[in-house]
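Secondary and tertiary structure notes
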Amino acid sequence: MAILITGGCGYIGSHTCIELLKAGQDIVVLDNYYNAKPEALRRVQELAGKEFPFYECDIRDADGLRRIFAAHKIDAVIHFAGLKAVGESVQKPLEYYDNNVGGTVTLCQVMAEMGCKRIVFSSSATVYGMNNPSPLQEDMPTGAVTNPYGRTKYVIEEILKDVCVSDPDWTVVLLRYFNPIGAHESGRIGEDPNGIPNNLMPYISQVAIGRLPRLSIFGDDYDTPDGTGVRDYIHVVDLAVGHVKAVDFALKHTGAEVFNLGTGTGYSVLDLVKAFQDANGVEVPYTIAPRRAGDIATCYSDPSKAERLLGWKAAHDVVDMCRDSWRWQSQNPQGYGD
Ligand code: WQD
């Protein structure tokens, strides 16, 4: 019995591999290295003190997937693989639909063919769109998304729910992540974005280490306590543990279930900058810039369903998140390198 992890070398995937191994699960990992490096895999094996089967494979490659399912008894799939840059998705929508939506359809077809009908999917709080008030709850309407990346997450959620309706043997667990930050406490694995980061924490870390001159804060006139955007930042290790619980749940249930994975607490951009400076004793110079298109003022979760049904609750606070992000960045100024 093993869990197949697609995109297992990426930021969230690599942390999830470690937590699954810690929990005693056998894992099989696949990644196409589009946005991840072999060094991440090497370090996961080093931290876990265990080797596991790895395949360089694209989720759109049905024959490649068939070979993996034929070689291992896979009980469930945790599906991380996908493109994830909001801005890029506006420029390259067809690549996003092909990789994310097409890839997931191919993966599910091969799963069904090979008799594995349990999937835990990496969804996003972005599916709640512009119109719902925080705290966001799982039964609120979804779909009013503002970009192709978000639309792929929404469409995949709908496809997976349809699959469950069509065949009662399927189990689908949709995990809506809020804003993952932080890194493994060893400082050995963490987020290593290609090029200039889009997301706030990697940007802050790269300013602090001197790779970037200053942070631009996108808008200080939102209807929030200090005018900057409020988000629900969650430690990536808590998120990884959430996947371990979600797999346990998937092994015992059928049908589709949706869970928010967040802390339930919102922090503003300025809160996070200050927490990072205080936790690490470093300066993060910033300027106020215009709002970024598509951003909303406030987005945080109601995480109580995950606590109730999965027995999961975030354990790390914002100081842990800032400290662990900085440990990773300062010990690996160039990420995993080339
Ligand atoms: C957080 C806050 C920005 C950068 C996005 C996707 C979501 C998910 C995570 C990814 C906002 C502000 C940011 C900067 C800033 N997808 N900010 N200066 O937008 O909540 O979520 O990433 O895989 O689907 O939508 O996260 O980290 O980009 O922004 O002021 O340089 O920081 O305006 O208020 P976001 P973020």
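Just so it is clear, the structure is predicted and the values come from calculations on it, not from any experiment. (Residues numbered from 1 in each chain as written. Predicted model: local features only at pLDDT ≥ 70, side-chain atom pairs only at ≥ 80, totals over all residues. Heavy atoms only, no water.)

The subject of this paragraph is the overall build of the protein chain. A count of helical and extended segments in the protein chain gives 11 helices and 14 strands. For a compact globule of 338 residues, the expected C-alpha radius of gyration is about 20 Å, and the protein chain comes in at 19 Å, within 12% of that figure. Taking the principal axes of the C-alpha coordinates as reference, the protein chain spans close to 55 × 45 × 40 Å. Relative to its full complement of 338 residues, the protein chain shows a buried share of 54%. Taking all contacts inside the protein chain whose residues are at least 6 apart in sequence as the whole, residues at least 24 apart take part in 80%. Approximately 14100 Å² of the protein chain is accessible, and the part contributed by carbon and sulfur atoms is 49%. Between the mean site of the 31 positive side-chain charges and the mean site of the 43 negative ones, the protein chain shows a separation of 2 Å. (Helix = DSSP H or I, 4+ residues; strand = E, 2+ residues; numbered from the N terminus. Rg over C-alpha atoms; globule rule 2.2 N^0.38 Å. Buried < 20%, exposed > 50% of the residue type's maximum accessible area, 1.4 Å probe, protein only. Contact = heavy atoms within 4.5 Å. Areas by Shrake-Rupley, 256 points an atom, 1.4 Å probe, with all protein chains shown as cover. Lys, Arg positive; Asp, Glu negative; His and termini not counted. Charge placed at Lys NZ, Arg CZ, Asp CG, Glu CD.)

The next thing to look at is the sheet that holds strand β9 (residues 230–231). By way of backbone hydrogen bonds, the strands of a sheet pair with one another, either parallel or antiparallel. The mixed open sheet is built from 3 strands, whose spatial order is β12-β9-β14. Two strands close off the open sheet at either side, each with one partner strand: β12 (267–268) and β14 (298–299). Of the pairings in the sheet, the one linking β9 to β14 comprises 2 bridges and is parallel in character. Looking at β14, one finds that Arg-231 is bridged to Cys-299. (Pairing = 2+ DSSP bridges.)

Its location among the elements puts Asn-132 in the loop between β5 (118–124) and α6 (148–166). Judged by its relative accessible area of 16%, Asn-132 falls in the buried class. Along the backbone, Asn-132 and Asp-220 are 88 residues apart, and their C-alpha atoms lie at a distance of 21 Å. Filtering out sequence-adjacent residues up to four positions away, Asn-132 remains in contact with Met-140 and Pro-141. Polar side-chain contacts of Asn-132 include one of 2.8 Å to the backbone oxygen of Pro-141. (Polar contact = N/O pair within 3.5 Å; in protein donor to acceptor, adjacent residues only side chain to side chain.)

Another aspect to go through is the environment of Asp-167. Structurally, the position occupied by Asp-167 is in the loop between α6 and β6 (171–177). Through-space distance from the C-alpha of Asp-167 to that of Arg-42 is 38 Å; in sequence the pair is 125 residues apart. Within the local environment of Asp-167, its side chain forms a polar contact with the backbone nitrogen of Asp-169, the two atoms lying 2.9 Å apart.

What the rule picks out here adds up to 23 salt bridges. Put simply, Arg-43 and Glu-39 hold a salt bridge, and the shortest N to O gap is 2.9 Å. With Arg-43 and Glu-39 both in helix α2 (residues 38–48), this residue pair falls 4 residues apart, about one helical turn. Owing to a relative accessible area of 8%, Arg-43 belongs among the buried residues under this scheme. For Asp-295, the salt bridge identified is with Arg-292, shortest N-O distance 3.2 Å. Put simply, Glu-39, Arg-42, Arg-43, Glu-46 and Arg-188 are held in one network by salt bridges that share partners. (Salt bridge = Lys/Arg side-chain N within 4 Å of Asp/Glu carboxyl O.)

Time to look at the pairing of strand β2 (residues 27–31). Counting buried residues along β2, 5 of its 5 residues qualify, which places the element largely inside the surrounding structure. The two faces of β2 match: Ile-27, Val-29 and Asp-31 on one face and Val-28 and Leu-30 on the other face are all buried. Pairing geometry for strand β1 (residues 2–6) and β2, over 4 bridges, is parallel. Residue pairing in the sheet places Ile-3 in a bridge with Ile-27 of β2. Chirality of the crossover, the property in question, places the unit of β1, helix α1 (residues 11–22) and β2 among those that are right-handed. (Right-handed = clockwise from strand over helix to strand, strands pointing away.)

Taken in spatial order, the 7 strands make up an open sheet running β3-β2-β1-β4-β5-β6-β11, and their pairing is parallel. Of all strands in the sheet, those bounded by a partner on one side alone are β3 (54–56) and β11 (255–261). Each strand of the sheet is rotated relative to its neighbour by a mean of 15°, with strand direction disregarded. Across 5 bridges, β1 lies against strand β4 (residues 74–79) in parallel orientation. By the bridge assignment for β4, Thr-6 is matched with His-79. (Axes fitted to C-alpha atoms, helices over the stretch in contact; angles between N-to-C directions.)

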